[in-house]
Amino acid sequence: MPDVNITVDGKKVAAPAGTLLIEACKNAGIEVPSFCYYPNLSLQGACRMCLVKVEKMPKLQTACTTVISEGMIVATNSDEIRQARKSMIEFLLGNHPLDCPVCDAGGECELQDMAFSYGAAESKYMEPKNHKEEQQWSPVVYFDRPRCILCYRCVRVCGEGMDVWALGVQNRGVSSIIAPNQDDHLECEECGMCIDICPVGALTSGAYRYKTRPWEMNHVGTTCTHCADGCKTTLGVRRADTGMEIVRGDNRDKSGINGDFLCIKGRYAFDFAHHKERLTQPLIRKDGRLTPSTWEEAFEVIGSRLTEVRDCDGGQAIGVLGSTRTTNEENYLLQKFARVVLQTNNIDHHRTADFPAFVSALTERPEAAASMRDVYNAPAILLIGNDPTEQHPLLAWQIRNNVRLHRARLYVINSQPIKLRRQATSFLQIPTGAEAQLSSFLAGQDSAIDALLSGPTSRDEWISLREKLRSEPGLVIIFGSEIRGSDVVSLVKSASGIHDVKFICLGDYANSRGAADMGVYPDLLPGYQRLADPGKFHEEWGGVPRAVGFTLPEMIESATAGKLKAWYVVGANPVGRLALDPFAFSQSFVVVQDMFLTETAVIADVVLPAANAYEKSGTFTNTCGDLQLVKKAGEVTGTKSDFEIIVRIAGSMGYDVRKLVPFGRGMTADMGQSRGAQSGEVDRHGVWLEASGLELKMSPFDPMAILDEIQRLLPGYAVSRMDLLAGNAQHTALPAGKAGALHDPKLIVPADNNLFSSGTLGRYSRTLNSVIENRHKKPEELEVAAD
Amino acid sequence: MADLVSHPDEVRVVSKRFGKGATNIDRYLELDGYKAVQKALGMQPDAIVNEVKNSGLRGRGGAGFNTGMKWSFVPKQSPKPKYVLCNGDESEPGTCKDRLIFEHDPHAMIEGVIIAGLAVGATTGYIYIRGEYRYLLEIMQKAIADAYSRGYLGKNIFGSDRHFDIYWHGGAGAYEVGEESALMESLEGKRGIPRIRPPFPAVVGLWGGPTVINNAETLASVPHIILGGADWYANLGPPKNGGTRLFCLSGHLEHPGVYELPMGYNLKRMIYEVGGGILNGRKLKAVVPGGSSTPILSPEEIDVAMDFDSLTKVGSMLGSGGVVVLDETTCMVKFALRIMKFYQHESCGWCIPCREGTDWLKKTLTRFHAGGGLKKDIDNIQYLSENMLGRTFCPLGDAAAMPTISIVKKFRKEFEEHLDGRPCPFEKQGKIEELPVMV
Amino acid sequence: MRLSEQFESRFAEMLTHYPTKRSVLVPTLLYLQDEIGYLSDEGIAEIAQRLELTDLEVRNVISYYSMLTTRPRGKFNVQICTNIACLLRGGEELLEHCEAKLGIGHKRTTADGLFSLEEVECIGACSWAPAAQVNYDFHENLTPAKMDSVLEKYKNAQ
Ligand SMILES: Cc1cc2nc3c(=O)[nH]c(=O)nc-3n(C[C@H](O)[C@H](O)[C@H](O)COP(=O)(O)O)c2cc1C
Ligand code: SF4
Ligand code: FES
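Source: prediction; values computed, not measured. (Residues numbered from 1 in each chain as written. Chains lettered and ligands numbered in written order. Predicted model: local features only at pLDDT ≥ 70, side-chain atom pairs only at ≥ 80, totals over all residues. Heavy atoms only, no water.)

K.L.:
Before we go on, may I ask you to explain the pairing of strand β1 (residues 76–81) of chain C in this structure?
P.N.:
Working note: regular strand, side chains alternate between the two faces of the sheet. Residue and element names in this part refer to chain C. Across the six residues of β1, six count as buried, placing the element largely inside the fold. The alternating pattern of β1 places F76, V78 and I80 and N77, Q79 and C81 on opposite faces, both of which are buried. Pairing geometry for β1 and strand β3 (residues 115–120), over six bridges, is parallel. Bridged to I80 within β3 is E119. Strand direction decides the pairing type here: β1 and strand β4 (residues 132–134), joined by three bridges, are antiparallel. By the bridge assignment, I80 is partnered in β4 with A132. (Buried < 20%, exposed > 50% of the residue type's maximum accessible area, 1.4 Å probe, protein only. Helix = DSSP H or I, 4+ residues; strand = E, 2+ residues; numbered from the N terminus. Pairing = 2+ DSSP bridges.)

Quick look at the structure:
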């Protein structure tokens, strides 16, 4: 489309036809103020802040509703306009409580900023103000009516953006009020988007309010630790007695794959960090009881016992469990540690999606993995299984907004009437468990259709849907863990004729995909490389044990039989999460590193207090394969990152940590990236580093050194480090060639988290619990197992 | 229900069937009823539009836009159905004329809506009547039902190949809903919040279809134009201001009432001849010429022709035909306050200047009238009104600002007389009003 | 919720008048209110469900229109206009008179539940001011004495 040329304040500006004047001005660097205008939400023209002079128009016009037209001449900064803006602020301040000193938004309030810019400081208002008490609408949402300027952003983001429609406008005139859907409270997804989008302090968060002033916080942009979508989140942190406390989560710079979006977990559920049961000291079992000890003692015990088992019984007597919430660097390091230090391939993790099958189905066209951004831009989407609204809130947001803003066609096939059907061009319900037949049918096997016919959809409708899908170039096919193993292969095959088709395989935890990509498998090395063909890893690591290791069920079996002598469990809770028999662990020497005394940790011999993902650095890979930076924000004194712990255990086993973490060899040493909001990381390790004869700046605790190795050895991960460090998501490519595997589909156990649960972590989040309790549900419905 | 009046100067066009039992369809037919629509059925749509355009008929809802011109903006082709919407929300203070048309001549409304439909290619019309006028809604319901039973509505109206449906619709109390885009929202079952324009209703209106919206009196005038011809109608009034209109005379007059007078009729004569002069022989203080939204006129300004252009020239507006006469006993501060109280109550609240401005002004005027006024308040009332003017989302904000500005300008002295804690010189006793509370 | 046949037939008819269900909302709410006195929670839920709206959406609309109420009021709702034309002809005095007579203020109801009083905006009776409406009936050219007999009539009619 050719550009339209206009003149703004004497400056020539060109923008595509259809552009709103306010956007055209913004792109040309001319700021037109507004409250009610918000990109991608419906237009209101209500706040009248954006009034500008358009030549030939008698009255001032709202730049937020005016579409530019060729030759338009616009003035945005005349006396008349400045007076109009000033008067709007005066009108607003008339009834505004002016309680900025105690308002959460003070310091980051758009009304404050505008009053400052347009000089509406002198008060002409003498009348008593309309007052109303503040209301609590939910555990996380508070509403202070007098502060509300009625920009309707909250109403729109809740309705148009979230498809929740929990907020309305009631009464009229000066009595107009934003109202929650349940009379005096809200029943909604508690995403907090309304709070985030509020330009003033009318909507505030129960988690953050009255805790601090915005300028007292440092802000760290990192990646959310909950579901597998990988929202970028900015954590506001403040010094506390116990280290660094996270006081707020939001997405204030609106960058990243999620733009505006965060769900309840991303926004509030960082509070587990300061749960009173958080472990801050290593525990060693003495006389049958877990007893607080020092890190030195713990490393000594672990080092000597693991060395003993390895040397006496061999690596196959040790089982290692990785985590779906530790960083890529930690997962990589853990499997490397298992393979080169413990000399075992007995390593696995809680698998929630069949990524190995996904990779092997796509070995011919590794570029066909869609990114989270593709979900927002694809012309058409096929969603099979899963309920993204509950399990992948960002994905659901992207889908909804793609449909709303770009009119994408959405095809939903599910055994349940999931909420996204409301955006769907077509929604077809299938019997529970018929996903396999669905894949076969889509792949062209007509006989499989019988299994799909129990619902209201007729044979003809199924066939016409299949036809329609085949003529959807650019289709993105998204599937949940219902589709596994050979069904993934059928599904991929079904789309072979569609031009530019792409896929997304949905896993459940923040770094489920990363754990898979980093080779936390008994038979697959990083990049899904088969053990039989260790290639570069063999050289790089100086050898890889040949024998395929045990899967988790096999480890349990071996332990039950008394053959597995030691467990090293990193950030996982198999007893609580997978309902495994604790007996399988009670026979062996068990090391657990975690934040809490989980069901698995209570039976361990040594428990190490670990830092969580908000307290360390590295990278996460979301379920689409988008790589993002994890930055250190909070800190709890006494804990250590899993990365550091693994290195220290290797050190205590007498292994040369220089070989484990090739620091100083790659492109970057830790130049501070891993330190997040704090400094002094180097000082903190100073004593140990010096004692070990290592130079302070070149630290083996530098996750970037492992990232170097990952980027060196996994071509799909060779993305721009600069962009990554700048906080941008980088889409990784799937490995080509002979990668991936078809495992036993039973190894996959979905996490079944919903909006308000998040494995074990979620159980320690006060906010999540309060929201759940607020809904008066029975606790057994809520108890979601740990990861 | 409401009393009818008459005066020799009246030229009865729209009101010619008032009091003649025309709610009865047979009686209506005897009184030339449904002749215009049958004539229109034989005309090309463009010919209807031109006839109305040339008649100089201007919207009786307030803005005074040429009706035929408005119809010509409706696109000929439209993928969505087109509609005619009759605006019978009549809520402008001082206005009580549409009520009489619905009461006495409901079939004329039906005829007008059908003709508008024929002109723009719509096949459905809605007649929106304000909720307080329940008895009129019932009259309209019966008229519509009668028209259907005679085959004047529905399929093949009057045996032609044309179809036309008309539905009645009742409001529930909201002045702002009379604003055309808020009217559509209300009809669609929503809050009466106006819509962003452009697009204008003629292009994107009810349920997205092109929609002609006209005031009840405007539409009721149309059949007469079709029958009597554009020239006849145009010549009833001055150039560009065709026809007659229903003037609602109220306030301090000896003979208030609704009179149909030619456009351009002299206001002074209207007050002193038609309205019978000021009540009890008192002196005139001011006149609201066209409903509460129009700037007030002082006695020196009333020698003016009551048509759209002449009133614009004297800085006011013809508005909706509501002529409210104020005598010397009227407190202008109180009057300004009552007007503002109305707009504060009726502001839809959507946009900042109107929502906050009307509330602020109402509070200030309340305090001022109660004796708590300060000198700077007078300027502030002016300042606030000027800050609303031309900057609100819909014209309601202007409607609140314009009369206020004119009252302060023309009656500043009266404001000054309220200063320094003095009781209102016009009140029997200085009544202190309660300050408004938020609901 | 059981509603009268008249309501049901009108509701059913209205639904056929518009391309969207929602369009019947405003008149329907008023008819419902006429029938059950006010818009109760149950009534709101009923209409919301019939029109496939949320209760919130219905409440948003109700609260916009001044004739709609979610609180019960007297059998006879006495609405006195005090807008400009009526103001000039004694509308306020009429209101004060009614306040004294009924012993209640704006938007209040007498203890016996018979009368409610409301000060209203222009009701389109300006040329016959001062004017009042009792429920839907207009009473015009009023004086305090005439108002008394109007009230008396309703009292006796109940
Ligand atoms: C606040 C406001 C209230 C209005 N109320 C009415 C009304 O009650 N009746 C009416 O016919 N027009 C009313 N109008 C004018 C309408 O917007 C519209 O211009 C009119 O119905 C068009 O018909 P006409 O061209 O025949 O006048 C109002 C306008 C505004 C801004
Ligand atoms: S001017 Fe603004 S607040 Fe007033 S009625 Fe119009 S849109 Fe509503
Ligand atoms: S002012 Fe009272 S009816 Fe119009």
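Once the structure has been displayed, the description carries forward.
K.L.:
Any chance you could explain the interface of chain A and chain B here in plain terms?
P.N.:
Accessible area lost during the coming together of the parts is what is often quoted as the interface size. Listed as interface residues are 42 residues of chain A and, on the opposing side, 38 residues of chain B. Counting each side, the surface lost to burial between chain A and chain B is near 3,500 Å², with a carbon and sulfur contribution of 56%. Taken together, the links from chain A to chain B amount to three salt bridges. One salt bridge connects K59(A) with D398(B), and the closest N-O pair in it is separated by 3.2 Å. Listed by contribution, the elements that provide at least two residues to the side of chain A that touches chain B are α2 (79–95) and β8 (167–170) of chain A. Ranked by residue count, the leading element in the side of chain A that touches chain B is α2(A), at 11 residues. Residue composition of the side of chain A that touches chain B, by class: 17 nonpolar, 14 polar and 11 charged. (Contact = heavy atoms within 4.5 Å. Buried area = accessible area lost by both parts, 1.4 Å probe. Salt bridge = Lys/Arg side-chain N within 4 Å of Asp/Glu carboxyl O. Nonpolar A, V, L, I, M, F, W, Y, C, P; charged D, E, K, R; others polar.)

K.L.:
For this particular structure, what's the right way to read the site of ligand 2?
P.N.:
Near ligand 2 you find 13 residues, and of these C348(B), W350(B), C351(B), C354(B) and C394(B) are the closest. Its residues placed into classes, the shell around ligand 2 shows eight nonpolar, four polar and one charged. (Near = heavy atom within 4 Å.)

K.L.:
Is there a simple way to explain the confidence of the model for chain A in this structure?
P.N.:
Interpreting fine coordinate detail is not advised for predicted regions of low pLDDT. All names here are of chain A. Per-residue pLDDT for chain A averages 91, and the proportion of residues at 70 or more is 94%. Every residue in residues 675–680 is under pLDDT 50, and counting partners more than four places away or in other chains gives 17 contacts. Here residues 777–787 is a poorly scored stretch, pLDDT under 50, and it has 33 contacts once near neighbours within four places are set aside; other chains count. (pLDDT = per-residue confidence, 0-100.)

K.L.:
For this particular structure, what's the right way to read empty space enclosed by the protein?
P.N.:
Here the idea is plain: a probe the size of a water molecule rolls over the atoms and shows the empty space left. All names here are of chain A. Per the counting criterion, the structure on display carries 17 cavities of 30 Å³ or more. The calculated volume of the largest cavity comes to roughly 220 Å³. Around the largest cavity, the lining is made up of 20 residues, and of these R325, G571, D594, M595 and L761 lie nearest the centre. Listing elements by their share of the lining of the largest cavity, those giving two or more residues are β26 (589–594) and α26 (759–763). Taken together, the residues of the lining of the largest cavity break down into seven nonpolar, eight polar and five charged. Among the domains, domain 2 (97–274 + 753–787) and domain 3 (278–352 + 512–733) are the pair contributing at least three residues each to the lining of the largest cavity. (1 Å grid on protein atoms, 1.4 Å probe; cavity = no way out; pocket = protein on both sides within 12 Å on 5 of 7 lines; lining within 4 Å. Points joined across faces, edges and corners; volume = space filled by probe spheres on them. Domains from an automatic or database assignment.)

K.L.:
Hey, could you run me through the sheet that holds strand β2 (residues 124–129) of chain B in this one?
P.N.:
The strands making up a sheet associate through backbone hydrogen bonding, with each pair oriented either parallel or antiparallel. Residues and elements named next belong to chain B. Taken in spatial order, the four strands of this open sheet run β3-β2-β1-β4, and their pairing is parallel. A strand with exactly one partner marks an edge of an open sheet, and here the two such strands are β3 (165–170) and β4 (211–215). Across the sheet, the mean angle separating the axes of adjacent strands is 20° when strand polarity is ignored. The pairing of strand β1 (residues 83–88) with β2 spans six bridges and is classified as parallel. Paired with Y83 across the two strands is T124, which belongs to β2. (Axes fitted to C-alpha atoms, helices over the stretch in contact; angles between N-to-C directions.)

K.L.:
Just to check I follow, could you spell out the interface of chain B and chain C for this structure?
P.N.:
Taken residue by residue, the interface counts 66 residues in chain B and 49 residues in chain C. For the chain B and chain C pair, buried surface summed over both sides reaches about 4,600 Å², with 56% attributable to carbon and sulfur atoms. Among the residues of chain B in contact with chain C, R134(B), W168(B) and R338(B) are the three that bury the most area, contributing 15% of the side total. Taken together, chain B and chain C are joined by five salt bridges. Between R99(B) and E140(C) there is a salt bridge whose closest N-O contact spans 2.6 Å.

K.L.:
Just checking my understanding: could you explain the nonpolar core for this structure?
P.N.:
Within soluble globular proteins, side chains that are nonpolar generally end up buried alongside one another. Counting residues in each nonpolar core, the largest one holds 271 residues, and the members touching the most others are W71(B) and F335(B). Apart from residues no more than four positions distant in its own chain, W71(B) is found in contact with I48(B), V49(B), V52(B), A116(B), A119(B), V120(B), V212(B), N214(B), L219(B) and V222(B). Counting 59 residues, the second largest nonpolar core, distinct from the first, contains I347(A), V570(A), A650(A) and F663(A). (Core = buried A, V, L, I, M, F, W, Y, C linked by side-chain atoms within 4.5 Å.)

K.L.:
Just to check I follow, could you spell out the domain arrangement of chain A for this structure?
P.N.:
We note that the domain assignment places domain 1 (4–77), domain 2 (97–274 + 753–787), domain 3 (278–352 + 512–733) and domain 4 (363–506) within chain A. A separation of 54 Å is found between the C-alpha centroids of domain 1 of chain A and domain 3 of chain A.

K.L.:
Any chance you could explain the site of ligand 1 here in plain terms?
P.N.:
All names here are of chain B. The environment of ligand 1 is formed by 20 residues, the closest being G61, K70, N87, N215 and T218. In the environment of ligand 1, an oxygen atom lies 3.3 Å from a nitrogen or oxygen atom belonging to the backbone of R60. Here an oxygen atom of ligand 1 and a side-chain polar atom of N87 are 2.9 Å apart. Coverage of ligand 1 by the protein amounts to 90% of the 600 Å² it exposes when considered alone. No other element matches β4, which puts three residues into the shell around ligand 1. Taken together, the residues of the shell around ligand 1 break down into four nonpolar, nine polar and seven charged. (Polar contact = N/O pair within 3.5 Å; in protein donor to acceptor, adjacent residues only side chain to side chain. Areas by Shrake-Rupley, 256 points an atom, 1.4 Å probe, with all protein chains shown as cover.)

K.L.:
I'm lost on the sheet that holds strand β2 (residues 108–109) of chain C in this one. Help?
P.N.:
A sheet is described by the order of its strands in space; here five strands give the open sequence β2-β3-β1-β4-β5 (chain C), paired in mixed fashion. The open sheet has two edge strands with one neighbour each: β2 and β5 (137–139) of chain C.

K.L.:
Where do I start with helix α4 (residues 153–161) of chain A in this structure?
P.N.:
Each turn of an α-helix holds 3.6 residues, which means side chains three or four residues apart point in the same direction. Residue and element names in this part refer to chain A. Extensive coverage of α4 is indicated by the burial of nine of its nine residues. Along α4, the residues classified as buried are R153, C154, V155, R156, V157, C158, G159, E160 and G161. Residues of α4 that are buried make contact with α3 (110–118), β8, β9 (177–180), α5 (193–197), β10 (203–205) and α12 (393–406). Positive backbone phi, approximately 55°, marks D163, located one or two places after α4.

K.L.:
What's the story with the domain arrangement of chain C in this structure? I'm lost.
P.N.:
Each assigned domain of chain C is listed with its residue range as follows: domain 1 (5–64) and domain 2 (76–157). For domain 1 of chain C and domain 2 of chain C, the distance between their C-alpha centroids amounts to 28 Å.

K.L.:
Looking at this structure, I do not really get the side chain of E118(C). What am I missing?
P.N.:
Along the chain, the position of E118(C) falls in strand β3. Reaching out from E118(C), the side chain makes a polar contact with the side chain of N77(C) at a distance of 3.3 Å.

K.L.:
Explain the pattern of salt bridges here, please?
P.N.:
If charged atoms from side chains of opposite charge come close, those side chains can pair. Considering all chains together, one arrives at 81 salt bridges over all chains under this definition. Of the charged contacts in the structure, one is a salt bridge between E540(A) and R712(A), with a shortest N-O distance of 2.6 Å. Placement of the pair is E540(A) in helix α17 (residues 535–541) and R712(A) in helix α24 (residues 703–713), with a sequence separation of 172 residues. In this structure E540(A) comes out as partly exposed when scored by relative accessible area, which is 22%. Two residues, R195(B) and E188(B), come together in a salt bridge whose shortest N-O distance is 2.8 Å. Owing to a relative accessible area of 17%, R195(B) belongs among the buried residues under this scheme. The buried category is assigned to E188(B), whose relative accessible area is 7%.

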